[in-house]
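# Close look at the chain arrangement
These are the residues of each chain, in order.
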Amino acid sequence: ITEGTTSVDEDYFQSSALKVYPNPFNEGTSLEFRTNSTNLPAELQVTDITGRIISTFAINTITGLIQIGEHWNPGIYFATLSTERSKTVRFIKTEK
């Protein structure tokens, strides 16, 4: 490796990630996140299609899993992990 070159493994640990599964869902779903220590504390915010804030979570760990959505109305939602490079994912709650 030459100076100024970053390997794939280093990029993995320096970036943030956000996954939602299952998606779509009809009961609850999981938000899985990964960030690095230089991005802490971070914030994870869930909004509905109109931009109304549904939930906000303070993130103080590098990785984690949050269960959400069990009592929400059907619709389209967005989760945003706010760090140096914010990540947003879209997910859908369907009728039971």
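Here the structure is a predicted model, which means the values were calculated and not measured.

## What to know about the sheet that holds strand β7 (residues 87-93)
Taken in spatial order, the 4 strands make up an open sheet running β4-β3-β6-β7, and their pairing is antiparallel. In this open sheet, the two edge strands, each paired with only one partner strand, are β4 (53-59) and β7. Strand after strand, the sheet turns through a mean of 15° between neighbouring axes, direction not considered. Taken together, the 6 bridges between strand β3 (residues 42-48) and β4 define a ladder with antiparallel strand orientation. Its bridge partner lying in β4, Glu43 is registered against Ala58.

## Describing the packing of aromatic side chains
In total, this model carries 4 aromatic pairs according to the counting rule given. Here Trp72 and Tyr77 contribute two aromatic rings whose centre-to-centre distance is 4.7 Å and whose plane-to-plane angle is 40°, an arrangement assigned as tilted. The same class applies to Trp72 and to Tyr77, which are both buried. Aromatic rings pair up to connect Phe25, Trp72, Tyr77 and Phe91 into one cluster.

## Structural notes on the nonpolar core
One finds Leu31, Leu44, Val46 and Phe91 to be the most contacted residues of the largest nonpolar core, which totals 16 residues. Elements that contribute at least two residues to this core include exactly β1 (17-21), β2 (29-34), β3, β5 (63-68) and β6 (75-82). Setting aside residues up to four positions removed in sequence, Val46 forms contacts with Leu31, Arg52, Ile53, Ile54, Ser55, Phe57, Ile68, Trp72, Tyr77, Phe78, Ala79 and Phe91.

## Regarding the sheet that holds β2
Ordered in space as β1-β2-β5, the 3 strands form an open sheet in which the pairing is antiparallel. Either end of the sheet is taken by a strand with one partner, and the two such strands are β1 and β5. Pairs of neighbouring strands in the sheet enclose a mean axial angle of 15°, with direction left out of account. In this sheet, β2 lies alongside β1 in antiparallel orientation, the contact comprising 5 bridges. Across the sheet, the residue bridging to Ala17 is Arg34, located in β2.

Criteria and thresholds
- Residues numbered from 1 in each chain as written.
- Predicted model: local features only at pLDDT ≥ 70, side-chain atom pairs only at ≥ 80, totals over all residues.
- Heavy atoms only, no water.
- Pairing = 2+ DSSP bridges.
- Helix = DSSP H or I, 4+ residues; strand = E, 2+ residues; numbered from the N terminus.
- Axes fitted to C-alpha atoms, helices over the stretch in contact; angles between N-to-C directions.
- Phe/Tyr/Trp six-rings, centres within 6.5 Å; stacked < 30°, edge-to-face > 60°.
- Buried < 20%, exposed > 50% of the residue type's maximum accessible area, 1.4 Å probe, protein only.
- Core = buried A, V, L, I, M, F, W, Y, C linked by side-chain atoms within 4.5 Å.
- Contact = heavy atoms within 4.5 Å.

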